[in-house]
Amino acid sequence: MSHAPDAAETAARSAALGRNLSAEEARLLAVYLDMLVRWNRRMNLVGPASGLEILETLIQDSWFLADLLTELAPQPGEILDLGAGAGLPGIPLRVFWKSGRYFLVEPRRKRSIFMEQALAVLRLPDTFVLPVRMEDLPPARRKAGLVVSRAFRPWRELLADVREYLAPDGRVLIMSNAPRPDAGFSGYALEKTREYAVAGKVRFFWLFVRRDG
Ligand SMILES: C[S@@+](CC[C@H](N)C(=O)[O-])C[C@H]1O[C@@H](n2cnc3c(N)ncnc32)[C@H](O)[C@@H]1O
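Residues numbered from 1 in each chain as written. Predicted model: local features only at pLDDT ≥ 70, side-chain atom pairs only at ≥ 80, totals over all residues.

1. Regarding the overall build of the chain
Under the convention used in this document: For helices the rule is a DSSP run of H or I covering at least 4 residues; for strands it is a run of E covering at least 2, with both sets numbered from the N terminus onward. Here a residue counts as buried when 20 or more other C-beta atoms fall within 10 Å of its C-beta, as exposed when 12 or fewer do, and as partly exposed in between; the C-beta atoms come from the backbone. Contact between two residues is assigned whenever their backbone-derived C-beta positions fall within 7 Å.
Counting its regular elements, the chain contains six helices and seven strands. Listing the helices and strands of the chain from first to last along the sequence gives α-α-α-β-α-β-α-β-β-α-β-β-β. With the principal axes as the frame, the chain shows a C-alpha extent of 50 × 35 × 25 Å. In the chain, which comprises 213 residues, the share counted as buried stands at 40%. Counted over contacts in the chain with a minimum sequence separation of 6, partners at least 24 positions apart contribute 62%.

2. Points about unusual backbone geometry
The peptide bond linking Ala73 to Pro74 adopts the cis configuration, its omega dihedral lying at -5 degrees. By secondary structure assignment, the location of Pro74 is in the loop between α3 (51–70) and β1 (78–82). In this structure, Pro89 follows Leu88 across a cis peptide bond, with omega equal to 10 degrees. Here Pro89 shows up in the loop between β1 and α4 (90–96). Backbone geometry places Arg123, a non-glycine residue, at a positive phi of 55 degrees. When you line up the elements, Arg123 lands in the loop between α5 (109–122) and β3 (127–130). Of note in the backbone geometry, Ala151 takes a positive phi value of approximately 55 degrees without being a glycine.

3. Considering the site of the ligand
We count it as follows: Nearness is defined per residue: the C-beta atom, placed using the backbone, must lie within 6 Å of the molecule or strand. Here the term charged refers only to Asp, Glu, Lys and Arg, the term nonpolar to Ala, Val, Leu, Ile, Met, Phe, Trp, Tyr, Cys and Pro, and the term polar to all other amino acids, Gly among them.
Residues in close proximity to the ligand total 18 residues, the closest being Gly83, Gly85, Arg133, Met134 and Arg150. By residue class, the composition of the shell around the ligand is 10 nonpolar, two polar and six charged.

4. What to know about the pairing of β3
Here is the rule: Pairs of strands are assigned from DSSP output, requiring at least two bridges between the strands. Every crossover in which the path from the first strand over the helix to the second runs clockwise, viewed with the strands pointing away from the viewer, is termed right-handed.
Relative to β3, strand β2 (residues 101–105) is paired through four bridges, and the arrangement is parallel. Note that in β3 the partner of Leu104 across the bridge is Val129. The parallel pair β2 and β3 is bridged by α5, and the resulting crossover is right-handed.

5. A few points about the UniProt feature "binding site: S-adenosyl-L-methionine" (unreviewed entry) in the chain
Our working definition: UniProt positions are given in the numbering used here, feature names are shortened, and annotations may be inferred rather than shown by experiment.
Under the feature "binding site: S-adenosyl-L-methionine" (unreviewed entry), the UniProt entry names Gly83, Leu88 and Arg150. Their sequence span is 68 residues, while the largest C-alpha to C-alpha distance among them is just 8.7 Å; these annotated residues converge on one region. Mapped onto the elements of the fold, Gly83 is located in the loop between β1 and α4. For Gly83, a count of 19 C-beta atoms within 10 Å gives the class partly exposed. The contact partners of Gly83, leaving out residues within four places of it in the chain, are Val105, Glu106, Ser149 and Phe152.

6. Section: the environment of Ala118
Position of Ala118 among the secondary structure elements: in helix α5. Taking the C-alpha atoms as reference points, Ala118 and Leu36, 82 residues apart in sequence, are found 8.7 Å from one another.

What follows is the structure in structure tokens.
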């Protein structure tokens, strides 16, 4: 059933999942879930149809990611979220982590329009949609302090493809089901890994930092 929870239900369900939301976080997530569920009936944005299912399977990644990114020093200036689709992980991430200038990169017009509408309502700080393929990003957007993505490209391919979009010490965040990367990430150092659990399944973040020479 394609029901979307209101703010109170979003807060209660999140608390049951182990996350105590502020009233503003609950309000923003509920608005996003409501838009996602309504637009998802007419176009293919995300797999799960109900708001609670989306919260449990997709949004949780973003709050765990926010905790990791909050710890980074220095904080990245510009962030590219490649192949953002309906705004995952970026839109819920920005509810929790507001640092830097965040660019949601998505060439499919219906998806970028959805994100623009969502941002117009949510008013998240310094968060923008770029409705282009990453290969068409202008030079000014190719100095990211951090690249994030979800379900976009296999990680090795991603690391190779995004190198030219990074500032000299830029980082790349990978979301994985494996604890650690094995070899095969030349041009980067592994800065940290982090384990977390969603819906009973263990998942991992890998954070790479670009290294020259
Ligand atoms: C599998 S979806 C993942 C969407 C979202 N990150 C999520 O987790 O729900 C991959 C997205 O990448 C976008 N995409 C494909 N090629 C791209 C490119 N060259 N540059 C940027 N985005 C691209 C697609 O349009 C699609 O929305």
